[in-house]
Amino acid sequence: MAAFETGSPAVPGWEHFEHIADVGVRGYGHTLGQAFEMAALAMLSVITDTSTVRARETVRITCEAPNSEFLLADWLNAIVFEMATRKLLFSRFEVTIEDNHLEGVATGEPIDVTRHQPAAEVKGATLSELRVSRSTDNYWLAQCIVDV
Amino acid sequence: MDINNFSRISETCWRIEPSGKMRVPALIHASESLLCDMDDKVREQLVNVTTLPGIVGAAHAMPDAHWGYGFPIGGVAAFDADQGGVISAGGVGFDISCGVRTHLTGLPLAEFEARRRPLTEALFRNIPAGIGSRGDIHLDQQGMEEMLAGGAAWALSEGYGETADLEFIEDNGCATAARPACVSRRARQRQQHEMGTLGSGNHYLEIQEITAIHDQEAAGVFGLVRGECVVTIHCGSRGLGHQIGTEFLRDMAVSAGDYDIALPDRELACAPVISETGQNYIGAMRSAINCALANRQIIGHLMRNVFRRFWPGLELPLLFDVSHNTCKPERHNVNGKEKLLYVHRKGATRAFGPGHDSIPRKYRATGQPVLIGGSMGTESWVLAGMDSSEKTAFSSACHGAGRSMSRNQARKRWQGRQVVEHLAGRGITVRSPSMRGVAEEAPGAYKDVSEVVMASERAGLARRVARLRPVICIKG
């Protein structure tokens, strides 16, 4: 994981970065786990305004990967899977990571089309622009492009 | 994109000579203005494709090419398994076998004008669209197995559609040698309740008026008459294809080193065709193709049921059903010799010229119908395959308009309701569960599809037969 230097993002926080056909999701955090939580929020914000999603149901997610970048892709893809099969949207995430093993909790509620106005479905997290790194200021960044 | 990076071979062909790790040249087929507007990433991604083992001829980009991930969208590349050629999950994409099907109505626009509102509502109610929607079909284990092996033929055996449909679907509605055993439990789980659903994003069901005929003879053979309407469906393999894409992309990226493949971009994840991973992916991908073909067959059936409430007994024959995210084994002429190649088309349409034995007999002398989707406010096209397409780009053509603006930019610029009202003023009814989705799909966020099809024709990829304009659009 290389160190990086950028401006000073809000930490913790998330943002989208531009891609013509798809969308880049990026999370920042004081810990690796927090950056993953923020990246997940960035992905949910591709679909809906997460402030409309109430915290009523909780799903536990576990992932393991050869490195932290594949772990990020696995985490986001696990969320896509849970949303698709349970017909849920999420607005809150908690993540702890140790030795490329992730324990996560996603909280949200069943999709309500009228209230949530979900736009494009995320088909999956790609390996494009996939990056997990630590800044010289000691905060974490986790990003990739998601296919919509 | 800087055109000085290319040598111009013809009015519509731009070439990058092999250098460094490139095994073959990279060719972009486009007009000068389309090329100038393309992101430089298209060139970069196409050059990366040329470095993959076993690539044959050249890596091609279609006139609607844009920045994808791994392969550019609009990328075409063929690989020879005997020369260590690869199959790439990144070269097919997440929405395996996403494609377009068009049915003829034989009815003039006035028939739709008279029933615009109730017909729109009935279609919207009966064709599940958007995130979170579920179909009425719930597959058990055996049903899933049969669907994955049988494609549209399975759907037909379940009562969806008509026997005559199969002949007018690519590969007669079934990808042979699919291996459902290679499809994971999670992929099946995602599909269990999603058969017969449109999905979201740029997927749609549209009633379109034929506004211009450019090739009378071909239009006659295809059954296209100016002033009449057709119904076009654009969707893919839904959750099952997305999950297969996700899983194999990761497997191939992790295992590339085992096969001594140096990936210039992880998203180009691939494996030799002759390898366990490669064969497993081919088996799973073909199952996903069958899922997409079955899905469009079911939606076609649901559409017919709605139409027949308004016009009892209406036939609605299928013009054609063709995919634009696939990898298929095909025979192509390479340096005077016929070879079996694995042709990847990611956001590109197969476009066989006249005489090809894969084309339905009815169209054989004309060339394969090539269905091109535009945005909901502009136009779509029916093209026909040309002889020259084989030599130019392994019988491939463009697939759509392509975005010119990101979803975030589009949402900042337009509001869904405004877009709907503006289009209503132009005689286009849009119905969607999500106004945010409509804003992101605003026509202004797409390139001019007419320039794309014109370039396709000039490049000898596919010729223009008919122009279509949207009348009613059910948006996912």
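Note that the structure is predicted; figures quoted are calculated from it, not measured.

### Let's talk about the sheet that holds strand S6 (residues 101-110) of chain A
The pairing of strands in a sheet happens through backbone hydrogen bonds and is either parallel or antiparallel.
All names here are of chain A.
Inference 1: Strand order in the open sheet formed by three strands is S4-S6-S5, and the pairing between neighbours is antiparallel. Either end of the sheet is taken by a strand with one partner, and the two such strands are strand S4 (57-64) and strand S5 (88-98). On average, each strand axis in the sheet is tilted by 20° relative to the strand beside it, whichever way the strands run.
Inference 2: Pairing geometry for S4 and S6, over eight bridges, is antiparallel.

### With respect to the sheet that holds strand S12 (residues 325-334) of chain B
Residues and elements named next belong to chain B.
Inference 1: If you walk across this open sheet you meet the seven strands as S1-S2-S3-S4-S5-S13-S12, and the pairing is mixed. Single-partner strands in this sheet number two, and they are strand S1 (7-10) and S12. Shown here is a sheet whose adjacent strand axes are inclined to one another by a mean of 25°, direction ignored.
Inference 2: Two elements, strand S4 (residues 55-69) and strand S5 (residues 71-79), share six bridges in a ladder whose sense is antiparallel. The residue of S5 that forms the bridge with Ala-61 is Gly-75.
Inference 3: Contacts between helix H10 (residues 276-310) and the sheet are confined to S12 and strand S13 (337-346), with S12 contributing the most and set at about 110° to the helix.

### Details of the interface of chain B and chain A
Inference 1: The partner chain A presents 42 residues to the 44 residues of chain B that form the contact.
Inference 2: Carbon and sulfur atoms make up 54% of the surface buried where chain B meets chain A, a total of about 3,800 Å² over both sides.
Inference 3: The salt bridge involving Glu-194 of chain B is made with Lys-87 of chain A; its shortest N-O contact spans 3.2 Å.
Inference 4: At the junction of chain B with chain A, the criterion picks out 18 residue pairs in polar contact (both at pLDDT 80 or more).
Inference 5: Put simply, the parts of the chain that give the side of chain B that touches chain A at least two residues each are S4, helix H7 (185-191), helix H9 (238-255), helix H12 (407-413) and helix H14 (435-440) of chain B.
Inference 6: Take the side of chain B that touches chain A: its biggest share by element is eight residues, from H9 of chain B.
Inference 7: Among the residues making up the side of chain B that touches chain A, the classes are represented as ten nonpolar, 19 polar and 15 charged.

### Comments concerning helix H1 (residues 32-47) of chain A
Inference 1: The terminal C-alpha atoms of H1 of chain A lie 24 Å apart, and with 16 residues this matches the ideal 22 Å at 1.5 Å per residue to within 8%.
Inference 2: Among the 16 residues of H1 of chain A, 15 are classified as buried, and the element is accordingly described as predominantly covered.

### What about the confidence of the model for chain A?
Inference 1: Model confidence for chain A is summarised by a mean pLDDT of 92, while 95% of its residues fall at 70 or above.
Inference 2: Low pLDDT, under 50, characterises residues 1-5 of chain A; the predicted model gives this stretch 14 contacts beyond four residues in sequence or across chains.

### Observations regarding the environment of His-138 of chain B
All names here are of chain B.
Inference 1: Looking at the element boundaries, His-138 is found in the loop between helix H4 (116-126) and helix H5 (141-150).
Inference 2: Residues His-138 and Asp-39, 99 residues apart in the sequence, show an inter-C-alpha distance of 43 Å.
Inference 3: Apart from the residues within four sequence positions on either side, His-138 is in contact with Gln-192 and His-193.

Criteria and thresholds
- Numbering of residues starts from 1 in each chain and follows the order in which that chain's sequence is written.
- Lettering for chains starts from A, numbering for ligands starts from 1, and both go in the order in which the items are written.
- The model is predicted, so local features are restricted to residues of pLDDT at least 70 and side-chain atom pairs to those at 80 or more, both for listing and for counting; the totals for chains, interfaces and linings are taken over all residues.
- To obtain the side-chain values, all non-hydrogen atoms of the structure were used and water was disregarded.
- Only strands that DSSP links by at least two bridges are regarded as paired with each other.
- Working definition: helices are DSSP H or I runs of at least four residues, strands are E runs of at least two. Numbering for both runs from the N terminus.
- The convention used is that axes are lines fitted to C-alpha atoms, helices contributing only their stretch in contact, and that angles between N-to-C directions extend from 0 to 180 degrees.
- What makes two residues a contact is simply this: any of their non-hydrogen atoms within 4.5 Å.
- Two parts placed together each lose some accessible area under a 1.4 Å probe, and adding up what both lose gives the buried area.
- In what follows, salt bridge is the name for a side-chain nitrogen of Lys or Arg lying within 4 Å of a carboxyl oxygen of Asp or Glu.
- Contacts described as polar in this section are N or O atom pairs within 3.5 Å, which, within protein, must combine one atom able to donate a hydrogen with one able to accept it, while residues neighboring in sequence count only if both atoms come from side chains.
- Ten residues, namely Ala, Val, Leu, Ile, Met, Phe, Trp, Tyr, Cys and Pro, are considered nonpolar, four, namely Asp, Glu, Lys and Arg, are considered charged, and the remaining ones, Gly among them, are considered polar.
- Take the residue count of a helix, subtract one, and multiply by 1.5 Å to get its expected span.
- Note on exposure labels: buried denotes an accessible area under 20% of the residue type's maximum, exposed denotes more than 50%, and partly exposed covers the range between, all computed with a 1.4 Å probe on protein chains only.
- Scored between 0 and 100, pLDDT is the confidence that the predictor attaches to each residue.

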